[in-house]
Amino acid sequence: MTRTLLLLTLLLCLNITAEDGHQLWLRAQNTGQVTVKCKTGSPTLDIAAQELHQGWQGKDGGHIKLKIKQDKRITGDGFRLTRNRIYAQTEPGILYGVYELLRRQQTGAPIDRVTQNPSYDLRLLNHWDNLDGSIERGYAGSSIFWRKGKDAFTVTAQDRNLWTEYARANASVGINGTVLNNVNASPQMLSPKVLKRVQEIADVLRPYGIKPYLAVKFSSPSLIGGLKTSDPLDPDVIRWWQEKVSEIYALIPDFGGFLVKANSEGQPGPQDFGRTHADGANMLADALKPYGGIVMWRAFVYKPSGDDRVKQAYNEFVPLDGKFRDNVIIQSKNGPLDFQPREPFSPLFGGMKETAVMPELQITQEYLGQNVHLVFLAPMWEEFFNSETYMEGPGSTIARYTGGDIIPFQHTLIAGVSNIGSDPNWCGHPFAQANWYAFGRMAWNNALSSEQIADEWIKLTFKNSWGNDAGKEIFNEKFILPVKEMMLKSRETAVNYMMPLGLHHIFAANHHYGPGPWWAPAGVRKDWTPPYYHQADDKGIGFDRTRTGSDAVSLYHKPLPSVFNDLKTCPEKYLLWFHHVPWDYKLHIGNTLWNELCYRYDRGVKEVDKFQKTWNNMGLYVDSERFYQVQGKLREQYDNARIWKDACLLYFQQFSGMPLPDNVEPPVYRLNELMQIDKK
Ligand code: GCV
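Keep in mind it's a predicted model, so treat the numbers as computed, not measured.

### Observations regarding the overall build of the protein chain
Alright, step 1. Looking only at helices and strands, one finds 20 helices and 15 strands in the protein chain.
Alright, step 2. In terms of overall dimensions, the protein chain is globule-like: its C-alpha atoms have a radius of gyration of 26 Å, near the 26 Å expected for 680 residues.
Alright, step 3. Each principal axis of the C-alpha atoms in the protein chain carries an extent, and together these give about 80 × 75 × 55 Å.
Alright, step 4. Taking all 680 residues of the protein chain together, the buried fraction comes to 61%.
Alright, step 5. For the protein chain, contacts bridging at least 24 residues in sequence account for 71% of all contacts bridging at least 6.
Alright, step 6. Total accessible area on the protein chain stands at roughly 25900 Å², and carbon and sulfur atoms take up 50% of it.

What follows is the structure in structure tokens.
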């Protein structure tokens, strides 16, 4: 058969029907029968068996035995699987083994003697969902848990159905906990009627091995408890929290614990009463301890008139190292600032020696094009996990530190700020689903490569039918490989057209979508304005964090302070993060800083243009609904990338006074026009 004929045959086999994406990566229907044997029954094991029946791939009948047993090779919710057996020490472990087996069947990966143990004991989503149904930094509709109106607290069959689908999707990638509300928490979260709804949600999540957690407002005792204070050392306050915790566990015996944003961005905290973060966290930890609950205390704290913002969390928490109870975990964003397209890692990783530190990653694309730009985040997280902290010399990576391999922390955890909402496809952009998927896969195994995750996700999400082997090859060559390449490049591309070479936080106003390097209205906190971060002037650009600047370089373990401090050894991706660099400084590549900045912005735009061309060829392989949706979004991304490039280059050119290099596309927009665009 000729290749053209093969392609036609493949297309006939594909049976491409419209898809709204609601089924995520769990679309496969069984292609054969399987007999499942399991001595014990339980809601979780029943789901495991049902999943096998529903998704089994194979022409001949299969046989699978599920067994709970102790095995030295397995830890926590890990499992072992062979062609016809799955065993684990826990019921969720069996379920994860089943999902792994099906994933391997569906993606064509080998299945024999696979042993897997999770990198983190607790793998959580953080929802920034508000009780009125809105979602802070949510771009995919409203909350699936909360709504306003008269039926706000009625639990409908539709709610239960959606929560079940949500639980299944999470369990399929190993997520085992979820914080149901925004860290900017309402005190009403702890009111009886809200807790009753949390109980209903918990009942749906439980069979999938998922525990609920709540974000709490530190001043709840005075706001809803009628107390005069919320001082963590006050006996009445301590009693109030103890009673509240006991009320919660009476409703939800497997409740996970609290997440707290305190003394940050206007939220109340122990410092309001002259107490420390440790005083506040420990008081809550003591209340939760008898029930096995934990406190995730956020390190995202900074003050308006303080030192360099990226140093503040370190300076606040490292002196308290060792003063926290063992059921307190410090939750730190991956970078020291705020989920920027690129940041070096936060020095709290490797900086705290006696207190567990957990990473908070952001799945929702607040700073990465929201629900419009195609940006696959796994490469960013891979870069983070592989970063060397040098805490105990080379090899002390973030992956090992946070996974408890360097210091055996009592608890190992990871959290991802969710991108899920009520949109039919859950995440707003069809490719944003890949970020939810990637978070779960990396929380399970922080050594997985972005390449593997992208490969799995594409196969599970878009595969309809590969037909015969030849068809499979064409599908691979024409669809999987180019789409994968686009995904893997997409983060670096966004860095290029938004803020290359270590630039950071040059977003407009508060929406964090488009560019606004000029944005600094009178009266706004300096550390909320882009000029604070880029520091452009006629000499150069970048934030001087060297030893003679803010000295943030010194917060890292040796040799990083010297590496970052020296312009010649500082990785170019972090150049303007650590240095104020003259416009005519010659980079390793031989270009001046100004020219290289121009080339990077230009390259970013051209890469998005290439993504559009790649996707335009995919209409044959994807259902039309998702094809046109992605095509439209890429068109918008391209327009946005040009705006980013023109806005930043024209604005910075006022300081550099240098021309754009000849081979850079001339601007399409005028700076004064762009400065009027405040919204996306
Ligand atoms: C939930 C950033 C975001 C805020 C967010 C905050 C945080 O500042 O813009 O929306 O608040 O981080 O992580 O607490």
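### So, the nonpolar core
Alright, step 1. Grouped together as the largest cluster of nonpolar side chains are 212 residues, with contacts concentrated most on Trp297, Trp436, Phe479, Trp615 and Phe652.
Alright, step 2. Looking at this core, the element that brings in the most residues is helix 19 (residues 624-656), giving 13 residues.

### Side note on the sheet that holds strand 1 (residues 34-38)
Alright, step 1. Taken together, five strands build an open sheet; the order of strands is 1-2-4-3-5 and the sheet is mixed. Either end of the sheet is taken by a strand with one partner, and the two such strands are strand 1 and strand 5 (114-116). Adjacent strand axes in the sheet meet at a mean angle of 15 degrees when their direction is disregarded.
Alright, step 2. Of the pairings in the sheet, the one linking strand 3 (residues 79-82) to strand 5 comprises three bridges and is antiparallel in character.

### As for the sheet that holds strand 6 (residues 122-126)
Alright, step 1. The parallel closed barrel is built from eight strands, whose spatial order is 6-7-8-9-10-11-12-13. When strand polarity is set aside, the average angle formed by the axes of neighbouring strands in this sheet is 25 degrees.

### Here's the deal with the domain arrangement of the protein chain
Alright, step 1. Partitioning the protein chain into domains gives domain 1 (31-116), domain 2 (122-461) and domain 3 (497-543 + 580-677).
Alright, step 2. Each of domain 1 and domain 3 was reduced to a C-alpha centroid, and the two centroids are 47 Å apart.

### Some words on the layout of surface pockets
Alright, step 1. The volume enclosed by the second largest pocket comes to roughly 360 Å³.
Alright, step 2. Around the second largest pocket sit 21 residues that line it, and Arg137, Glu265, Asp338, Glu366 and His512 are the ones nearest its centre.
Alright, step 3. Split by residue class, the lining of the second largest pocket holds seven nonpolar, five polar and nine charged.
Alright, step 4. Structurally, the lining of the second largest pocket is a two-domain feature, drawing no fewer than three residues from each of domain 2 (122-461) and domain 3 (497-543 + 580-677).

### So, the site of the ligand
Alright, step 1. Taken together, the neighbourhood of the ligand is formed by 14 residues, with Glu136, Lys261, Arg298, Lys333 and Glu366 sitting nearest.
Alright, step 2. Residue lysine 261 places a side-chain N or O atom 2.6 Å away from an oxygen atom belonging to the ligand.
Alright, step 3. Within the complex, 96% of the 340 Å² of free accessible area of the ligand lies under protein.
Alright, step 4. More than half of the atoms belonging to the ligand lie within 2 Å of the grid points that define the second largest pocket.

### Here's the deal with unusual backbone geometry
Glycine aside, a negative phi is what most residues show, and trans is what most peptide bonds show.
Alright, step 1. In this structure, proline 559 follows lysine 558 across a cis peptide bond, with omega equal to 5 degrees.
Alright, step 2. For proline 559, the position within the fold is in the loop between strand 14 (540-541) and helix 16 (560-565).
Alright, step 3. Positioned with a positive phi, asparagine 263 is a non-glycine residue whose angle comes to about 50 degrees.
Alright, step 4. Note on placement: asparagine 263 falls in the loop between strand 9 (257-260) and helix 8 (277-288).
Alright, step 5. A positive phi is found at tyrosine 390, a non-glycine position, where the angle reads about 60 degrees.
Alright, step 6. Mapping tyrosine 390 onto the fold places it in the loop between helix 10 (378-385) and helix 11 (398-402).

### A few points about the environment of phenylalanine 273
Alright, step 1. When you line up the elements, phenylalanine 273 lands in the loop between strand 9 and helix 8.
Alright, step 2. In the structure, phenylalanine 273 is positioned 41 residues away from proline 232 in sequence and 8.1 Å away in space, judged by C-alpha atoms.
Alright, step 3. Sequence-distant contacts of phenylalanine 273, defined by excluding residues within four places in its chain, comprise Phe218, Thr229, Ser230, Asp231 and Pro232.

### Overview of the packing of helix 13 (residues 450-462) against helix 14 (residues 469-498)
Alright, step 1. Direction vectors running N to C along helix 13 and helix 14 enclose 130 degrees, while the axes themselves pass 10 Å from each other. By the angle between their axes, helix 13 is oblique relative to helix 14. Here helix 13 and helix 14 pass one another in a crossing that is right-handed. Residues Ser450, Glu451, Ala454, Asp455, Trp457, Ile458, Lys459 and Phe462 of helix 13 lie in contact with helix 14, whose contacting residues are Phe475, Phe479, Ile480, Val483, Lys484, Met487 and Leu488.
Alright, step 2. Here the residues of the contact of helix 13 with helix 14 are counted per class, giving 10 nonpolar, one polar and four charged.

### Notes on the pattern of salt bridges
Working definition: two side chains of opposite charge can pair if their charged atoms are close together.
Alright, step 1. With the rule as written, the count across this model stands at 44 salt bridges.
Alright, step 2. The salt bridge partner of aspartate 77 is arginine 123, with a shortest N-O separation of 3.9 Å. With aspartate 77 in the loop between strand 2 (62-68) and strand 3 and arginine 123 in strand 6, the pair connects residues that are 46 residues apart, well separated along the chain.
Alright, step 3. For glutamate 316, the salt bridge identified is with lysine 303, shortest N-O distance 3.6 Å. Of this pair, glutamate 316 sits in helix 9 (residues 309-317) while lysine 303 is found in the loop between strand 10 (294-298) and helix 9, placing the two residues 13 residues apart along the sequence.
Alright, step 4. Residue lysine 303 is classed as partly exposed on the basis of its relative accessible area of 43%.

Criteria and thresholds
Residues numbered from 1 in each chain as written. Predicted model: local features only at pLDDT ≥ 70, side-chain atom pairs only at ≥ 80, totals over all residues. Heavy atoms only, no water. Helix = DSSP H or I, 4+ residues; strand = E, 2+ residues; numbered from the N terminus. Rg over C-alpha atoms; globule rule 2.2 N^0.38 Å. Buried < 20%, exposed > 50% of the residue type's maximum accessible area, 1.4 Å probe, protein only. Contact = heavy atoms within 4.5 Å. Areas by Shrake-Rupley, 256 points an atom, 1.4 Å probe, with all protein chains shown as cover. Core = buried A, V, L, I, M, F, W, Y, C linked by side-chain atoms within 4.5 Å. Pairing = 2+ DSSP bridges. Axes fitted to C-alpha atoms, helices over the stretch in contact; angles between N-to-C directions. Domains from an automatic or database assignment. 1 Å grid on protein atoms, 1.4 Å probe; cavity = no way out; pocket = protein on both sides within 12 Å on 5 of 7 lines; lining within 4 Å. Points joined across faces, edges and corners; volume = space filled by probe spheres on them. Nonpolar A, V, L, I, M, F, W, Y, C, P; charged D, E, K, R; others polar. Near = heavy atom within 4 Å. Polar contact = N/O pair within 3.5 Å; in protein donor to acceptor, adjacent residues only side chain to side chain. Sits in = over half its atoms within 2 Å of the grid points. Parallel < 35°, antiparallel > 145°, perpendicular 65-115°, else oblique. Left-handed = near helix turned anticlockwise from the far one by under 90°. Salt bridge = Lys/Arg side-chain N within 4 Å of Asp/Glu carboxyl O.

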